[in-house]
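What the coordinates show
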Amino acid sequence: MNRGVLVVLSGPSGCGKDTILHHYLEGREEVFLSVSATTRSPRPGEIDGVSYFFLTEEQFREKIDHDGMLEYACYCGNYYGTPRDTVYEKLNAGIDVILEIEVQGALQVKKRCPEAVMIFVMPPSIKELRSRLVGRGTEDMETVEKRLLKAQEEMKAASQYDYIIVNDLVEQAAADLHAVLRSQRLKTENQKEFLNEVFHYDA
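Along each chain, residues carry numbers from 1 onward, in the same order as the chain's sequence is written. Selection of residues for local features in this predicted model requires a pLDDT of at least 70, selection of side-chain atom pairs for listing and counting requires 80 or more, and totals for whole chains, interfaces and linings are taken over all residues. The basis for the side-chain values is all heavy atoms of the structure; hydrogens and waters are excluded.

Some remarks on the sheet that holds strand E9 (residues 163-166)
As a reminder of what qualifies: When DSSP finds two or more bridges between a pair of strands, those strands are recorded as paired. Helical segments are the DSSP runs of H or I of at least four residues, strand segments are the runs of E of at least two, and each set is numbered from the N terminus. For every element, the axis is a line fit to its C-alpha atoms; helices are fit only across the contacting stretch, and the angle between N-to-C directions ranges from 0 to 180 degrees. Contact criterion: two residues are considered in contact whenever any of their non-hydrogen atoms come within 4.5 Å of each other.
Spatially, E2-E7-E1-E8-E9 is the arrangement adopted by the five strands of the open sheet, whose pairing is parallel. Two strands lie at the open edges of the sheet, namely strand E2 (31-33) and E9, each paired on one side alone. Averaged over all adjacent pairs, the angle separating strand axes in this sheet is 25°, with direction ignored. In this sheet, strand E7 (residues 96-100) lies alongside strand E1 (residues 6-10) in parallel orientation, the contact comprising four bridges. What sits directly across from Val8, in E7, is Leu99. Sitting on the sheet, helix H7 (residues 170-186) touches E1, E2, E7, strand E8 (117-122) and E9, and the angle it makes with E9 is about 160°.

This is how it looks when you write it as structure tokens:
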């Protein structure tokens with residue numbers, strides 16, 4: 001069995017990462033969306049192990065000390081990160097793993113896992129991104145403008161990724177994501193087990 005492909009997906013708030021992933025993952029069992037760990041308290045409706053792995057700060061720090069996190073960061077006094085064991089367990093079972101994480105954590109993963117496929121999701125334009133953020137109707141204009149400034153800073157990191165997917169139409173963006181994962185599966189380095197089987201059979 002060939003090892004799964006590790007995919008890192010990033011993009012600014014409002015670019016539609018969650019919508020793309022929901023569309024892409026529907027009905028697919030060969031792909032696993034990694035669950036992050038956090039030290040913040042669960043919000044109403046959130047489920048441990050599904051929404052997040054909810055850990056105490058002591059538990060989180062212990063994982064850091066024992067190389068148990070692929071990446072982590074501290075936001076507003078709480079830790080967030082990607083547990084290493086679950087990711088490698090899935091990869092070793094031949095399952096592709098997608099990490100939907102911020103740029104800071106993504107670049108940590110790239111340094112630790114050079115084989116990771118880095119994908120950045122972009123909006124068609126800043127104007128469209130503004131329209132999407134305003135259209136949510138969940139934040140005032142001052143907050144929207146702050147998100148736009150942060151988004152423009154995050155998008156500067158896109159050049160450090162392997163692929164850029166522009167989310168104009170969700171269906172096309174999901175198809176592009178599928179194309180990237182399919183191409184990685186077909187790379188020679190990810191077909192070594194198959195080649196070994198062929199050569200062994202021919203021998």
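Quick notes on the packing of aromatic side chains
Rules: Whether two aromatic rings pair depends on their centres lying within 6.5 Å, for rings of Phe, Tyr and Trp, where Trp uses its six-membered ring; planes under 30 degrees apart make the pair stacked, over 60 edge-to-face, and the rest tilted. Buried residues are those whose accessible area, probed at 1.4 Å on protein chains only, stays under 20% of the maximum for their type, while exposed residues exceed 50% and partly exposed ones sit between those limits. Look at NZ for Lys and CZ for Arg. If either is within 6 Å of the ring centre and within 35 degrees of the ring normal, a charge sits over the ring.
Counted by the stated rule, this structure contains six aromatic pairs. Where Phe60 meets Tyr79, the ring centres are 5.2 Å apart and the plane angle is 25°; that geometry is what we call stacked. Of this pair, Phe60 sits in helix H2 (residues 57-65) while Tyr79 sits in strand E6 (residues 78-83), and the two are 19 residues apart along the sequence. Pair check on accessibility: Phe60 and Tyr79 agree, each one buried. Ring plane angle 75° and centroid distance 5.1 Å describe the contact between Phe120 and Tyr161, whose orientation is recorded as edge-to-face. In this pair, Phe120 is assigned in strand E8 and Tyr161 in the loop between helix H6 (141-155) and E9, connecting sequence segments 41 residues apart. For the pair shown, Phe120 and Tyr161 are each scored as buried. Against the face of Tyr88 rests Arg84, its NZ or CZ located 4.5 Å from the ring centre.

Focus on the nonpolar core
Rules: Nonpolar cores are built from buried Ala, Val, Leu, Ile, Met, Phe, Trp, Tyr and Cys residues. Side-chain atoms within 4.5 Å join them into one set.
By size, the foremost hydrophobic cluster in this structure holds 26 residues, and its most contacted members are Leu6, Val8, Val87, Leu99, Val109, Cys113 and Phe120. Elements with a contribution of two residues or more to this core: E1, helix H3 (84-92), E7, helix H4 (103-112), E8, helix H5 (126-136) and H6. Looking at this core element by element, the count peaks at four residues for H6. Here Leu6 is in contact with Val87, Leu91, Val97, Leu99, Val109, Cys113, Ala116 and Val117, once residues within four sequence places are set aside. Within the second largest apolar cluster, 19 residues are counted, among which are Leu21, Leu25, Ile98 and Ala173.

Some thoughts on the pattern of salt bridges
Heads up, the condition is: Salt bridge criterion: a side-chain nitrogen from Lys or Arg within 4 Å of a carboxyl oxygen from Asp or Glu.
If you walk through the whole model with that rule in mind, you get nine salt bridges. Measuring nitrogen to oxygen at the nearest pair gives 2.9 Å for the salt bridge that ties Glu46 to Arg40. For Glu46, a relative accessible area of 23% puts it in the partly exposed group. By relative accessible area, Arg40 is classed as buried at 8%. In this structure, the salt-bridge partner of Glu57 is Arg61, at a minimum N-O distance of 3.1 Å. With Glu57 and Arg61 both in helix H2 and four residues apart, this pair spans about one turn of that helix. Since its relative accessible area comes to 40%, Arg61 is described here as partly exposed.

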